[in-house]
Amino acid sequence: MFGIIRPCRHRMSEGLATSWMAHLCGLCLALRDDHGQLARIATNYDGLIISALVEAQVPGAAASAKWRRTAGPCPLRGMRTAPVATGEGARLAAAVSLVLASAKMRDHIDDRDGAMGRRPVAAAARTVARRWDRAGARTGGGLGFDTAVLVDAVDRQSGIEALARTGTPLLTVTEPTETATAAAFGYTAVLAGRPGNRAPLEEAGRLFGRLAHLLDAVEDQTADAASGAWNPLTATGTGRDEARRLCDDAVRGVRLALKDAEFTDGRLVHVLLAHELRRSVDRAFGGSCAHSHPNTLDGQGLGVGVGPEALDLPQLSGNPYGPGQSPYAPGGPGFPPNGFPPPEPPRRRGLIAGCALWSGLCCTCQLCCRDHYEDPWNGRRREGWCSNCDCDCCDSCDCCDGCDCCDCGCDCGC
């Protein structure tokens, strides 16, 4: 899995999380159906945005049998069935993902990263990359999308990097990536029958490509310096402050471009390209939310550090229970007479039964691939090993950074 947008499901409503997974699984299955099992390793978090963009522009797509089907159990879904995206959007996402994955593979080969530094491995990887280029071209051609613009951008990238020196504008280096993603984003409007959306979506795609290139450079700069690999920030002498400014401008530009496009249901697209894109920038540059989590309870049953404003309680002049006090606190009329009922004791299993259930969870990948599961022995809720939740930001954050774009009903609270 690769990509700059990695949303935590805990930040999304149940419907949006289901839709996001539908596009991710749809991309994976489209790669398998059209190009074989090996192609599934090209599945990536950013590629599903292509599928989501197509569906967001088509009336009633999410509820149509043409755009959704039920997939069988999969270990990566904890052996559960699920609705997955299908149709032209998923196939376009698969074609773009294959071509860009082959480019990323060649980049690792050129940098001699890890096993790619060995000639036999590099030769085999180049063969796979060429095969993926041809496969992506076939699928794209069947949809009317010429992937030559993607391949041309990839080919120009190495030449531009070879000529880059200190003082070379950083946006000169990111231009091929911007051109490729602009073409992919813009063609979603053609597939959806919304030609008026093509220009704003191409602009959104161009800026998204800039972000993908810059964030990858920021995250890899230390490792590239240690290994001697080429890095655009180091090669052009661009500081992290300037890179952050370019990223922030790109995030704002994506939001403005999305406002100029017309969507039938743009909630998921908005969450991914407005909210999660901002979090991707913060994550790459080490930013975090300054708000605290009001989850810890003190001895009075009130959140530590939560003032009357957060509790929406009246002040002393209008509150007979005292400043910032709740009628449901101990001593108040709303407090249960015998205190809170004791928690229900966890369900416990014996050694043999627990081991048997643990084996079942392990063999079906539910221990690692589900968001949560019940402990086989004590029944307590546990997080999946690979849940990778990055919920480091409280719900009260102004996640849109003051923009007025949050009329999409995405439950963001902005």
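All figures in this text were calculated on a predicted structure; none of them were measured in a lab.

Criteria and cut-off values
- Residues numbered from 1 in each chain as written.
- Predicted model: local features only at pLDDT ≥ 70, side-chain atom pairs only at ≥ 80, totals over all residues.
- Heavy atoms only, no water.
- Helix = DSSP H or I, 4+ residues; strand = E, 2+ residues; numbered from the N terminus.
- Buried < 20%, exposed > 50% of the residue type's maximum accessible area, 1.4 Å probe, protein only.
- Contact = heavy atoms within 4.5 Å.
- Areas by Shrake-Rupley, 256 points an atom, 1.4 Å probe, with all protein chains shown as cover.
- Polar contact = N/O pair within 3.5 Å; in protein donor to acceptor, adjacent residues only side chain to side chain.
- Salt bridge = Lys/Arg side-chain N within 4 Å of Asp/Glu carboxyl O.
- 1 Å grid on protein atoms, 1.4 Å probe; cavity = no way out; pocket = protein on both sides within 12 Å on 5 of 7 lines; lining within 4 Å.
- Points joined across faces, edges and corners; volume = space filled by probe spheres on them.
- Nonpolar A, V, L, I, M, F, W, Y, C, P; charged D, E, K, R; others polar.
- Patch = residues over 30% accessible without salt bridge, like charges linked within 9 Å, V, L, I, M, F, W, Y side chains within 5 Å.
- Lys, Arg positive; Asp, Glu negative; His and termini not counted.
- Charge placed at Lys NZ, Arg CZ, Asp CG, Glu CD.
- Phe/Tyr/Trp six-rings, centres within 6.5 Å; stacked < 30°, edge-to-face > 60°.

(A) How the structure looks around the overall build of the chain. Counting its secondary structure elements, the chain contains 13 helices and four strands. Counting all 414 residues of the chain, 45% fall into the buried class. Sequence-distant contacts, at least 24 apart, represent 64% of the contacts inside the chain between residues at least 6 apart. Roughly 21,000 Å² of accessible area belongs to the chain as shown, and the carbon and sulfur atoms make up 54% of that amount.

(B) Broad picture of the environment of L76. Residue placement: L76 occurs in the loop between strand 1 (68–74) and strand 2 (80–85). You can call L76 exposed: its relative accessible area is 58%. Separated by 51 residues in the primary sequence, L76 and C25 place their C-alpha atoms 9.5 Å from one another.

(C) Representation of the side chain of T181 within the structure. Inspection of the secondary structure assignment puts T181 in helix 6 (residues 170–191). Classification of T181 as buried rests on a relative accessible area of 10%. Of the polar contacts made by the side chain of T181, one reaches the backbone oxygen of T177; its length is 3.0 Å. Aside from chain neighbours lying at most four places away, what touches T181 is G205, R206 and G209.

(D) Representation of the environment of G228 in the model. By the element assignment, G228 lies in the loop between helix 7 (198–227) and helix 8 (232–236). Taking the C-alpha atoms as reference points, G228 and D111, 117 residues apart in sequence, are found 8.7 Å from one another.

(E) Molecular detail of the pattern of salt bridges. What the rule picks out here adds up to 21 salt bridges. R245 serves as the salt-bridge partner of D249, at 3.1 Å between the closest nitrogen and oxygen. Within this pair, D249 and its partner R245 are both found in helix 9 (residues 240–259), separated by four residues, close to a single helical turn. Taking relative accessible area as the criterion, D249 reaches 32% and is therefore assigned partly exposed. Each of E178, E203, R206 and R210 takes part in salt bridges that share partners, so that together they form one network.

(F) Spatial organisation of the layout of surface pockets. The computed volume of the largest pocket comes to approximately 1,300 Å³. Secondary structure elements with two or more residues in the lining of the largest pocket: helix 3 (88–111), helix 5 (148–163), helix 6 and helix 7. Each residue belonging to the lining of the largest pocket can be placed in one class, and the counts come to 20 nonpolar, 12 polar and 14 charged.

(G) Representation of a positive patch on the surface. A cluster of like positive charges, contributed by R130, R131, R134 and R138, occupies part of the molecular surface. Position of R134 among the secondary structure elements: in helix 4 (residues 119–142).

(H) Just the packing of aromatic side chains, in detail. Tallying each qualifying case throughout the model produces three aromatic pairs. On the numbers, 5.9 Å between centres and 15 degrees between planes, the contact of W20 with Y45 is stacked. Of this pair, W20 sits in helix 1 (residues 14–35) while Y45 is found in the loop between helix 1 and helix 2 (48–57), placing the two residues 25 residues apart along the sequence. Exposure remark for W20: the relative accessible area of 3% places this residue in the buried category.

So yeah, pure geometry; function would need other evidence.
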